[in-house]
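# Residue-level structural notes
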Amino acid sequence: MSLNYLKEFLVGSLALVIVMGLASPVFADHSSDDHPTTKVIHLGYLQLAAHDFFDMNRAEKTDNENGKLDLSTVLFDPHAGQCDFKKSLYQEDGCILYEDDKISIGGEKRSAENIMISTASAEVGEVYLKFVNNYGDIIAYQKTLEFYHEKIKNAYEESFNLPFPNPRDGEVTNLHNLAVRSGHDFLPSEIMYKNTLTSIFMIDPFGDKLSETEKIQPSSTVNGKFDDVFTHIENFCLPGFCIDVDLLLADQTFGDDFGMDSGKFNQFMTELGDGEFNQNDEVSRLLEEAFGMGINFDKYDKPVAGELLSVNTPALVIAGLSSTVWMIPTVIGLASAGGYLAYYKSRRD
């Protein structure tokens, strides 16, 4: 692997933190007790949702995801490009399921960006594998989707303090992508891990997952400001070179790169300065649109075992199984893994 290629890979991975999984705007002024927090496991599910929504190649300005909360990132091998899970189960496109060992750890490589999303995606993968043994792929998918949507609903309502939207028609756009990134305001630079307050950069997502106690610890507060850690990741060095990355700038320039008003992301951050996702604010309206469109699967409804199992029903959104963005990749984990799937990562944000 060439030096330039490795540099591109690392910078791409850090920027991707924002792009598809919510990662850059980690704002945190922990001294502000009147500003809300969420649970770090909610950040994992919100980042998983962001990956399901978007898979943006920023250099080529192409998106390899379909804007649906369909678990494609956990269950599919997108070797042939954009995949739709339900269509694939009916053999209507060329995509295939990941092997069971991949599904059990969260599927797509982006799910290993940090321990929050790796915990959430592995949890979903394990639920799917349990259902497959009893029901087969199609029913297992539907039941896992219920589990996943319930987790997203809980994360959305407890993080944004807004009611989860009903399914709606429409297309998720780059403006919605920018709004989803605003959830990085919750991102903590440190979390409790194995009884020690630990930098998010130092926790290996290839290792253990978060414990039940660790899952419910609070995030950073919403206050419309970045933690300094994420505005200048400085002097992270591998043999031969060091890199400096400003993740806030990466989010801000995403809007500029995709034809949005200059300063649109700053507008979203200003709206969150009061510590609220308020339905009167544009960022909150865009989040409602994105998640409502993301759970609308009308055109993929098909008969299963003699019945029409519609994925587009409030029951799938709210009916959780009794069984329960964001985003900064752990650079240490990536480096020690030998630059896994460098091509896959470096061609994205």
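Residues numbered from 1 in each chain as written. Predicted model: local features only at pLDDT ≥ 70, side-chain atom pairs only at ≥ 80, totals over all residues. Heavy atoms only, no water.

Turning to the overall build of the protein chain, a few remarks are in order. Secondary structure summary: the protein chain contains 16 helices and 10 strands in total. Taking all 349 residues of the protein chain together, the buried fraction comes to 58%. (Helix = DSSP H or I, 4+ residues; strand = E, 2+ residues; numbered from the N terminus. Buried < 20%, exposed > 50% of the residue type's maximum accessible area, 1.4 Å probe, protein only.)

The next point concerns the packing of aromatic side chains. Taken as a whole and judged by the stated rule, the model has 10 aromatic pairs. Ring geometry for Phe-164 against Phe-291: centres 6.3 Å apart, planes inclined by 70 degrees, an arrangement best described as edge-to-face. Of the two residues, Phe-164 is situated in the loop between helix H7 (137–160) and helix H8 (174–181) and Phe-291 in helix H13 (residues 282–294); the sequence distance between them amounts to 127 residues. Both residues of the pair, Phe-164 and Phe-291, belong to the buried class. One residue, Lys-61, lies across the ring of Phe-258, its end atom 5.6 Å from the ring centre. Looking at Arg-181, its charged tip hangs above the ring of Phe-254, at a distance of 3.6 Å from the centre. (Phe/Tyr/Trp six-rings, centres within 6.5 Å; stacked < 30°, edge-to-face > 60°. Lys NZ or Arg CZ within 6 Å of the ring centre and 35° of its normal.)

The backbone of Asn-161 sits at a positive phi, close to 55 degrees, despite the residue not being glycine. Along the polypeptide, Asn-161 turns up in the loop between H7 and H8. With a relative accessible area of 68%, Asn-161 lands in the exposed category.

Burial of strand S5 (residues 190–193) is one-sided: the residues Ile-191 and Tyr-193 facing one way are buried, the residues Glu-190 and Met-192 facing the other way are not. Pairing of S5 with strand S6 (residues 196–199), which is carried by four bridges, proceeds in the antiparallel orientation. Each bridged residue has a counterpart across the sheet, and for Ile-191 the counterpart in S6 is Thr-198. (Pairing = 2+ DSSP bridges.)

Residues Tyr-45, Tyr-148 and Phe-291 are the most contacted members of the largest nonpolar core, which totals 71 residues. Tyr-45 has contacts with Ala-120, Glu-123, Val-124, Phe-147, Tyr-148, Lys-151, Ile-152 and Ala-155, leaving out every residue within four places of it along the chain. (Core = buried A, V, L, I, M, F, W, Y, C linked by side-chain atoms within 4.5 Å. Contact = heavy atoms within 4.5 Å.)

A separate point is the pattern of salt bridges. When the charged atoms of two side chains with opposite charge come close together, those side chains can pair. A complete count under the given rule lists 11 salt bridges for this structure. For Asp-257, the salt bridge goes to Arg-58, with nearest N and O atoms at 3.1 Å. Of this pair, Asp-257 sits in helix H11 (residues 247–257) while Arg-58 sits in the loop between strand S1 (56–57) and strand S2 (62–63); the two residues are 199 residues apart in sequence, bridging distant segments of the chain. Judged by its relative accessible area of 35%, Asp-257 falls in the partly exposed class. Here the salt bridges share partners, and the residues they tie into one network are Glu-123, Lys-151, Glu-212 and Lys-215. (Salt bridge = Lys/Arg side-chain N within 4 Å of Asp/Glu carboxyl O.)

A word on H13. Here H13 spans 18 Å end to end across 13 residues, near enough to the 18 Å set by a 1.5 Å rise per residue. Burial within H13 is extensive, with 10 of its 13 residues counted as buried. Considering only its buried residues, H13 is in contact with helix H2 (40–53), H7, H8 and helix H12 (264–271). (Expected span 1.5 Å × (residues − 1).)

All right, on to the environment of Asn-57 then. Residue position: Asn-57 is located in strand S1. A polar side-chain atom of Asn-57 sits 3.2 Å from the main-chain amide nitrogen of Ala-59. (Polar contact = N/O pair within 3.5 Å; in protein donor to acceptor, adjacent residues only side chain to side chain.)

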